[in-house]
Amino acid sequence: MTDVATTAIAVEAPARRKRRIPYAAIIGTLPMIIVSFSVFFVAIIFVVIWSFTNSGMFPGFNFVGLAQYTRLWSTSLWQVAVNNIWFFGVMSLCVNLVFGFLLAVFMDQNIKHESVFRTIFLYPFSMSLVVTGLAWQWILDPNLGLQESIRNLGWTDFALAPLVHRETAIYGLVVAGIWQGSGVTMAIMLAGLRGVDQEVWKAAKIDGIPTWRTYLFIVIPMMRGALGTVLLLQLTGIVRTFDLVYAMTSGGPGIATQMPAMYVISFITVRLNVGQGMAAATMLLLPIALILIIRAIVTTVQARRRGINA
Amino acid sequence: MQTSVSVKNLTLAFGAVKVLEGLNLDVGTGEFLVLLGPSGCGKSTLLNCLAGLLEISEGQIFISGKNVTWEEPKDRGIGMVFQSYALYPQMTVERNLSFGLRVSGMPREEIEKRVARASEILQIQPLLKRKPAELSGGQRQRVAIGRALVRDVDVFLFDEPLSNLDAKLRSDLRVEIKRLHQRLKNTMIYVTHDQIEAMTLADRIAIMRNGVIQQLDTPHAVYNNPVNLFVAGFIGSPTMNFLNGRIDGSTFSIDALNIPLGNYKFEKDGVGKLDGILGVRPEHIAVGEDAKKMPFQLDSEIEIVEPMGSDTVGWTKVAGQSVTFRCSSDIPLAPGQKITIGFDPARGSLFDAQSGVRV
């Protein structure tokens, strides 16, 4: 028994000596830690707590169980919003990924003036979504935009005004979303592509693997990090979609382009039903939290598996 | 000797910069040729041209008798091994070996046969189900060699394959590559900046500088009869001693010191008088009793002693010029000690001081 105890201590000792507390780092990051803890963490907790209350204009603590949630899911406005976010999300995510990747591949072909193109593609991302939304609203406006200018050129029955019809308004949003998001997708993907060892490309050439297959089966699997970053960035952007829709359609025509984030804001500010708004906000938090948790689990499992093999 | 790879008048230019110009090279079937040179000398560039990874500006390349100047890399009948291994990281070893063959539409049984043979030769059967990240550097490089092997080609190209490995693994794998060559008897062209790899592996060494092959000969010839100062200085460690002086018929004089050249074989007769450089390998300089037997002897004083284990390198001066010699580690040496050194000038190399060319 004593033998076991002493060996255990002997093994542990060097590890313990290594673990010094990095005071300087802690002090340096303390303001950020305090801010993020109080703003994000505490605020999120209160959001969840208030979602179980019947708070009206001001937050209160009169708990009503899941009543806000049952009301939320029976509201047609919320249902439309959820359907919209799914459609908008899936569409813009897929097109963004594909389009961003193709742009990145195009940029990777040793083209001239690469930095000019990169700036052009990235520019939309640097603009506020409100500006993007407004610009696209004008472009797609039947009396100001593309439709009118092309009709003026002589093609008088040309029709391109998706935002004024209930069925097509969401497509207008998707186009604006892609215009805004594919540049940054391209930038991250391009960094991923550049990170691929040139000798891998050479080896694939010697092996006689066609370029598209090299991209598909060798390069894309090597870009997992870049893909994950893009996915997370896009997903968080999609879930909190608000400003773009607000600027372009304000949720209209009717409620055709309502989004969950708009629902939250409108219940907190206009309809003076904080409890309902908080319940909707908690529902928004759920998918992102889920993704982060799954990601954390996957990475720890992978790390552990690697640890066993090493 | 039948030629396997033949390069005729190859020129490669990037814009106005000519990296290789009018280069000619013939490699025999089954020969192990090493392209050796400092970084930036064009050796890897030449290899990439052979592989078809770089489009050449002028000239022709023949591999196995076929003009492949404009062929795709995959159709040239070559396999290539890279410094960074260049394995496909998301595929298992087995898939790494077979992917190229699968893409080319080869029947499954044939692929399996080839993978089995390659993994048997390289002894990587236990690794087939693993991914590259789970392999050590040496294992990865073996898989990379295997990927060249399954292609069943006539010519293997190695682009500094051992440079990413530590010293111990490097010498292990060096022997394995030599064994592989003896077993397969393929033509191999091997690029390295490491002269030990070049000397140990090569049938012939091509020493390159600024895109030009300086000397193409057997390791022995390159070592003992370097054609110019660059080759003489590049090959050998510690480097060859260079003594500046004047050649006058059959004597080499440094100020007041006259060294009789004796049986030195001049490249051509009647050199006459010119400023020259006498190159002597450190291990050709004898000390103590052995020095007495040498045609030329000199008393000197030791400045620095570097014990290497197997032998000792000593530093001294000849007519004011620094000279190193290599002797058995059993001989006791100390700085300040007076010793006699001696060498046979006939074993040395004489160069024209102006052009650097051997005379």
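For every chain, the first residue of the written sequence is number 1, and numbering continues from 1 along that sequence. Following the order in which they are written, the chains are lettered starting with A and the ligands numbered starting with 1. For a predicted model such as this one, the threshold for reporting local features is a pLDDT of at least 70, and the threshold for listing and counting side-chain atom pairs is 80 or more; totals across whole chains, interfaces and linings nevertheless cover every residue. To get the side-chain values, take all heavy atoms of the structure and skip hydrogens and water.

What is the right way to read the confidence of the model for chain A from this model?
Regions with low pLDDT carry predicted coordinates that are not meant to be interpreted in detail. Residues and elements named next belong to chain A. A residue's pLDDT is the confidence the predictor assigns to it, expressed on a 0 to 100 scale. Looking at chain A, pLDDT values average 82 and 92% of them are 70 or higher. A run of H or I in DSSP counts as a helix once it spans at least four residues, and a run of E counts as a strand once it spans at least two, with each numbered from the N terminus. When mean pLDDT is taken per element in chain A, helix 9 (residues 198-206) scores highest with 91 and helix 1 (residues 2-18) scores lowest with 46. Here residues 1-15 is a poorly scored stretch, pLDDT under 50, and it has zero contacts once near neighbours within four places are set aside; other chains count. We call two residues in contact whenever any of their non-hydrogen atoms come within 4.5 Å of each other.

Explanation requested: the nonpolar core in the structure shown.
Note that soluble globular proteins tend to have their nonpolar side chains buried in a common cluster. By size, the foremost hydrophobic cluster in this structure holds 59 residues, and its most contacted members are L10(B), L23(B), L25(B), L35(B), Y88(B), L157(B) and I189(B). Among the elements that take part in this core, helix 4 (residues 76-107) of chain A stands out by supplying six residues, more than any other. Put simply, buried Ala, Val, Leu, Ile, Met, Phe, Trp, Tyr and Cys residues joined by side-chain atoms within 4.5 Å make one nonpolar core. Classification of residues uses two cut-offs on accessible area relative to the type maximum, computed with a 1.4 Å probe and protein chains only: under 20% is buried, over 50% is exposed, and between them is partly exposed. V93(B), L127(B), I177(B) and L201(B) belong to the second-largest nonpolar core, a separate cluster that totals 47 residues.

Explain the interface of chain B and chain A here, please?
Taken together, the 25 residues of chain B in the interface contact 19 residues of chain A. Salt bridge, as applied in this entry: a Lys or Arg side-chain nitrogen positioned within 4 Å of an Asp or Glu carboxyl oxygen. Counting across the interface, chain B meets chain A through zero salt bridges. Here a polar contact is recorded for every N or O atom pair within 3.5 Å, except that within protein the pair must consist of a potential hydrogen donor and a potential acceptor, and residues adjacent in sequence are included only if both atoms are side-chain atoms. Our count for the chain B to chain A interface comes out at eight residue pairs in polar contact (both at pLDDT 80 or more). Sorting the residues of the side of chain B that touches chain A by element identifies helix 1 (43-51), strand 6 (78-81) and helix 2 (93-103) of chain B as the ones contributing at least two each.

Where do I start with the sheet that holds strand 10 (residues 212-217) of chain B in this structure?
In sheet architecture, strand pairing relies on hydrogen bonds along the backbone and comes in two forms, parallel and antiparallel. Residue and element names in this part refer to chain B. Here six strands make up an open sheet; going across it, the order is 6-7-8-3-9-10 and the pairing mixed. In this open sheet, the two strands that pair with only one neighbour each are strand 6 and strand 10. Put simply, the sheet's adjacent strands are angled 15 degrees from each other on average, direction ignored. For two strands to be treated as a pair, DSSP must find no fewer than two bridges joining them. The sheet contact formed by strand 7 (residues 155-159) and strand 8 (residues 187-192) spans five bridges and is parallel. Across the sheet, residue F156 finds its bridge partner in strand 8, namely M188. Packing against the sheet, helix 1 makes contact with strand 3 (32-36), strand 6, strand 7, strand 8 and strand 9 (204-209), and its axis sits at approximately 145 degrees to strand 7. Helix 4 (residues 137-149) contacts strand 6 and strand 7 of the sheet and is inclined by roughly 170 degrees relative to strand 6. With axes taken as lines fitted to C-alpha atoms, and helix axes fitted only over the stretch in contact, angles between N-to-C directions fall between 0 and 180 degrees.

Mind showing me how you'd approach the sheet that holds strand 17 (residues 304-307) of chain B here?
All names here are of chain B. Strand order in the open sheet formed by three strands is 17-18-19, and the pairing between neighbours is antiparallel. Sheet topology places strand 17 and strand 19 (321-328) at the edges, where each strand pairs with a single neighbour. Between one strand and the next, the sheet's axes are offset by a mean angle of 25 degrees, whatever the strand orientation. Two strands pair when backbone bridges link them, and strand 18 (residues 311-318) and strand 19 are joined in this way by eight bridges, in the antiparallel orientation. Its bridge partner being in strand 19, V313 is matched across the sheet by R326.

Explain the packing of helix 3 (residues 67-74) of chain A against helix 4 of chain A here, please?
For any two helices packed against each other, one specifies the inter-axial angle together with the distance between the axes. Residue and element names in this part refer to chain A. It is the contact of helix 3 with helix 4, at a shortest axis distance of 5 Å, that shows an interaxial angle of 70 degrees. Here helix 4 runs roughly perpendicular to helix 3, going by the angle between their axes. Here L72, W73 and S74 of helix 3 lie close against helix 4, whose contacting residues are S76, W78, Q79 and V82. All residues other than Ala, Val, Leu, Ile, Met, Phe, Trp, Tyr, Cys, Pro, Asp, Glu, Lys and Arg, Gly among them, are scored as polar; the first ten of these are nonpolar and the last four charged. Across the contact of helix 3 with helix 4, the residue classes tally to four nonpolar, three polar and no charged. Oblique is the label for any angle not under 35 degrees, not over 145, and not in the 65 to 115 range, which are roughly parallel, roughly antiparallel and roughly perpendicular in turn.

Explain unusual backbone geometry here, please?
It is generally the case that most residues other than glycine have a negative phi and that most peptide bonds are trans. Residue and element names in this part refer to chain B. Looking along the chain, the bond that leaves S237 and enters P238 is cis, with omega of -5 degrees. When you line up the elements, P238 lands in the loop between helix 8 (229-234) and strand 11 (241-248). Positioned with a positive phi, A86 is a non-glycine residue whose angle comes to about 55 degrees. A relative accessible area of 2% means that A86 is categorised as buried. With a phi angle near 50 degrees, N210 is a residue other than glycine that sits in the positive phi range. As for its placement among the helices and strands, N210 is situated in the loop between strand 9 and strand 10. For N210, a relative accessible area of 60% gives the class exposed.

Is there a simple way to think about a nonpolar patch on the surface in this case?
Residue and element names in this part refer to chain A. In this scheme, patches are assembled from residues that exceed 30% relative accessible area and form no salt bridge. Like charges are connected within 9 Å, while nonpolar side chains (Val, Leu, Ile, Met, Phe, Trp, Tyr) are connected within 5 Å. Each accessible area is a Shrake-Rupley estimate made with a 1.4 Å probe; only the visible protein chains count as cover when residues are assessed. Residues V35, F37, V39, F40, F41, V42, I44, I45, F46, F61, F63 and L285 make up a contiguous nonpolar surface patch of roughly 1100 Å² in combined accessible area. If you tally residues by element for the nonpolar patch, the top one is helix 2 (residues 23-50), at nine residues. Looking at where V35 falls in the secondary structure, it is placed in helix 2. Residue V35 is classed as partly exposed on the basis of its relative accessible area, which comes to 41%.

Can you walk me through the side chain of T214(A) in this structure?
Residue and element names in this part refer to chain A. Along the polypeptide, T214 turns up in helix 10 (residues 211-222). Classification of T214 as buried rests on a relative accessible area of 1%. With residues near it in sequence (within four places) discarded, T214 still touches W201, A204, I209 and V219.

What is the right way to look at the domain arrangement of chain B in this model?
A common way to state how big an interface is: give the accessible area lost once the parts meet. Residue and element names in this part refer to chain B. Throughout, the edges of the domains are those of an automatic or database domain assignment. The domain architecture assigned to chain B consists of domain 1 (3-233) and domain 2 (239-352). Summarising the inter-unit geometry, the C-alpha centres of domain 1 and domain 2 are found 39 Å apart. In this assembly, eight residues from domain 1 lie in contact with nine residues from domain 2. Defined in terms of a 1.4 Å probe, buried area is the accessible area two parts forfeit on being brought together, summed over both. Interface area for domain 1 against domain 2, summed over the two sides, is near 740 Å², with a carbon-plus-sulfur share of 57%. At the junction of domain 1 and domain 2, the tally comes to zero salt bridges. Within the residue set of the side of domain 1 that touches domain 2, elements represented by two or more residues are helix 7 (219-224) and helix 8. Looking at the side of domain 1 that touches domain 2 element by element, the count peaks at three residues for helix 8. In terms of residue class, the side of domain 1 that touches domain 2 is built from five nonpolar, three polar and no charged.

Whenever I open this one, the environment of L216(B) confuses me. Can you help?
Residue and element names in this part refer to chain B. Along the chain, the position of L216 falls in strand 10. A relative accessible area of 30% places L216 in the partly exposed class. Separated by 184 residues in sequence, L216 and F32 have C-alpha atoms that sit 12 Å apart. Residue contacts for L216: discarding those within four places in its chain leaves L25, L33, R204, I205 and A206.

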